[in-house]
Amino acid sequence: MQTALILFWARLGSLNALETVQRDGAWKRWLGREAGSVDTLGRVYATLSREELRAGLHHVYVRLKRNKALPALRGWGIAILDGHESHATYGRHCSGCLRRTVHLESGDRVQFYHRQVTLMLVSGSLRLLLDLEPQRPGEDEVATALRLLRRVLGAYPRAFQVVLADGLYAQAPFLNFLLAHGKHAVVVLKDERRDLYQDACGLFRLMTPQNGRYRSRHCLWWDVSGLTSWPQVTEPVRVVRSQETDPVRRAESGETTTQTREWIWVTTLPSAVVPTASVVHWGHARWDIENYGFNELVHGWHADHIYKHDPNAVESFLLTVFLAYNLFHAWLTRNLQPSVQRGRTQVFWARLMAAEIYGAVAVAIRSP
Ligand SMILES: [Zn+2]
């Protein structure tokens, strides 16, 4: 596992690249022994205990929590849930692959892919990837998410009270599951959820919106509670709509115009306890898992590379990159002195870590 952490911290991107930097006893100082071969690493990952990797992620969380490094957001613990497809191929496949038929000019072809649902904990500038669950063949994403949540709530019962998710999760089983476990949801509401959407919009027309602010945007907010037009959900729900206007400078003319966009969320959070502004801020924070999670994992950490095509190995490499990511960000946001960090980007620190790893290789090559 240490070898795999170095693979990610050096941002190497493949086992072949790993091979080039781990020869010549370069890492003896860190590992206390010679690094194993990359073939061994692939084999080990196919049988590695995912429970142990999850215990490692949990350990990092507990340490941060004890050090009061995970403050609540507006008084609440927030987590984000979303699905992500880690790779697709027409070639090799394994027992963990999902499959779909793709219509090409040359005819229909079966494509294989892996998909996981991930849970990210958000605490200000620090975001932790707590866990993931692979989607199984024939299963929909919400079913995968519920299996993930069951495990996460067992391991992290008090880490968060609110789960943010996209429109796909506007489903009664999802909201009911959270309510039954004393948790809440903020979910994008689309017009496919006809009755609730139309009832809420009807009520919005009768209300005077409140003025609000989100970042640089002027907002108009509508907020209705006690809606029972979604009878499959065990409790009445609340719907919040935010119409947001921000200035846009036209590149051609230099003129400033405005642009208005609108969002609607459904939530189980009570309006007596959670103000509209919090629902709007968390509604937008849902994108953090895309922007700071999946995007960075793919482009910064090579997390979508298949290091070994085997269901256990795919899951274990992802859990390891979660650990590498969490330790990196905890160090960056909670350990590094602001005076040292000032003006230096995340990319700078990532390169510095990689440079240190390559530096050990340089020393080993020069003095075999
Ligand atoms: Zn596969």
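Being a predicted model, the structure only gives us computed values, none of them experimental.

Cut-offs and rules
- Residues numbered from 1 in each chain as written.
- Predicted model: local features only at pLDDT ≥ 70, side-chain atom pairs only at ≥ 80, totals over all residues.
- Heavy atoms only, no water.
- Phe/Tyr/Trp six-rings, centres within 6.5 Å; stacked < 30°, edge-to-face > 60°.
- Helix = DSSP H or I, 4+ residues; strand = E, 2+ residues; numbered from the N terminus.
- Buried < 20%, exposed > 50% of the residue type's maximum accessible area, 1.4 Å probe, protein only.
- Lys NZ or Arg CZ within 6 Å of the ring centre and 35° of its normal.
- Pairing = 2+ DSSP bridges.
- Right-handed = clockwise from strand over helix to strand, strands pointing away.
- Donors = N, O, S within 2.8 Å, 3.2 Å for Na, K, Ca; no water.
- Tetrahedral: all angles 85-135°; square planar, octahedral: opposite > 155°, others 65-115°.
- Core = buried A, V, L, I, M, F, W, Y, C linked by side-chain atoms within 4.5 Å.
- Contact = heavy atoms within 4.5 Å.
- Polar contact = N/O pair within 3.5 Å; in protein donor to acceptor, adjacent residues only side chain to side chain.
- Salt bridge = Lys/Arg side-chain N within 4 Å of Asp/Glu carboxyl O.

(A) Region of interest: the packing of aromatic side chains. This structure, assessed with the given rule, holds twelve aromatic pairs. Ring centres 6.3 Å apart and planes at 50° place the aromatic pair W301 and Y325 in the tilted group. Taken as a pair, W301 in helix 10 (residues 288-301) and Y325 in helix 11 (residues 311-335) lie far apart in primary sequence, 24 residues in all. Y325 shares its class with W301; the two are buried. Sitting over the ring of Y113, R100 keeps its end group 3.8 Å from the ring centre.

(B) A look at the pairing of strand 5 (residues 162-165). Residues of strand 5 alternate between two faces, with V162 and L164 on one and V163 and A165 on the opposite face, all of them buried. Bridge analysis of strand 1 (residues 78-89) against strand 5 gives three bridges, and the strand direction is parallel. Residue pairing across strands places I78 opposite V162, the latter belonging to strand 5. In terms of strand pairing, strand 5 meets strand 6 (residues 184-188) through four bridges, oriented parallel. Bridge pairing in strand 6 places V162 opposite H184. After leaving strand 5, the chain enters helix 7 (residues 172-180) and then returns to the sheet as strand 6, a path that is right-handed.

(C) Examining the coordination of the zinc ion more closely. Looking at the metal site, the zinc ion is ligated by C94 (SG), C97 (SG), H114 (NE2) and H309 (NE2), spaced 2.0 to 2.3 Å from it. One way to put it: the four donor atoms around the zinc ion meet at angles of 102 to 129°, and that makes the site tetrahedral. Read in sequence order, the donor residues for the zinc ion give the motif C-x2-C-x16-H-x194-H. Note that C97 is positioned in the loop between strand 1 and strand 2 (98-104) and H114 in strand 3 (residues 107-123), a separation of 17 residues in sequence. Here C97 matches H114 in class, with each residue buried.

(D) Local environment of the nonpolar core. The biggest cluster of nonpolar side chains holds 117 residues, and the ones touching the most others in it are W27, L81, F160, F174 and V239. Ranked by residues supplied to this core, first place goes to helix 11 with 13 residues.

(E) Region of the structure containing the environment of D223. Mapped onto the elements of the fold, D223 is located in strand 8 (residues 217-227). Expressed as a C-alpha distance, the spacing of D223 and Q116, which sit 107 residues apart in the sequence, is 33 Å. With residues near it in sequence (within four places) discarded, D223 still touches F204, M207, Q210, R238, V239, V240 and T276. One polar contact links D223 to R238, side chain to side chain, over a distance of 2.7 Å. A polar atom in the side chain of D223 sits 2.7 Å from the side chain of T276.

(F) Representation of the pairing of strand 10 (residues 256-267). Pairing geometry for strand 6 and strand 10, over three bridges, is antiparallel. Across the sheet, the residue bridging to V186 is T267, located in strand 10. The sheet contact formed by strand 9 (residues 237-249) and strand 10 spans twelve bridges and is antiparallel. Counterpart to D246 in the pairing with strand 10 is Q259. In this structure, the hairpin formed by strand 9 and strand 10 is closed by a connection of six residues, where G254 is found at a positive phi of approximately 75°.

(G) Geometry of the pattern of salt bridges. The full count for this structure, using the stated rule, is 16 salt bridges. In this structure, the salt-bridge partner of D246 is R217, at a minimum N-O distance of 3.5 Å. You can see D246 sitting in strand 9 and its partner R217 sitting in strand 8, a full 29 residues away along the chain. Taken individually, D246 and R217 each receive the classification buried, so the pair is uniform in this respect. The residue E262 makes a salt bridge to R241 at a minimum N-O spacing of 3.1 Å. Taken together, the residues span a long stretch of sequence, with E262 in strand 10 and R241 in strand 9 at a distance of 21 residues. Take E262: its relative accessible area is 38%, and that puts it in the partly exposed class. The network of salt bridges with common partners includes R50, R54, D131, E133, E139, R147, R151 and E315.

(H) Spotlight on unusual backbone geometry. Its identity is not glycine, yet R11 carries a phi of approximately 55°, on the positive side. With respect to the element layout, R11 can be found in the loop between helix 1 (2-9) and helix 2 (15-22). Here R11 falls in the buried class, since its relative accessible area comes to 18%. The backbone of H302 sits at a positive phi, close to 55°, despite the residue not being glycine. Among the secondary structure elements, H302 is positioned in the loop between helix 10 and helix 11.

(I) Region of the structure containing the side chain of H329. Examined against the element boundaries, H329 turns out to sit in helix 11. For H329, a relative accessible area of 6% corresponds to the buried category. The contact partners of H329, leaving out residues within four places of it in the chain, are L126, E296, R334 and Q346.

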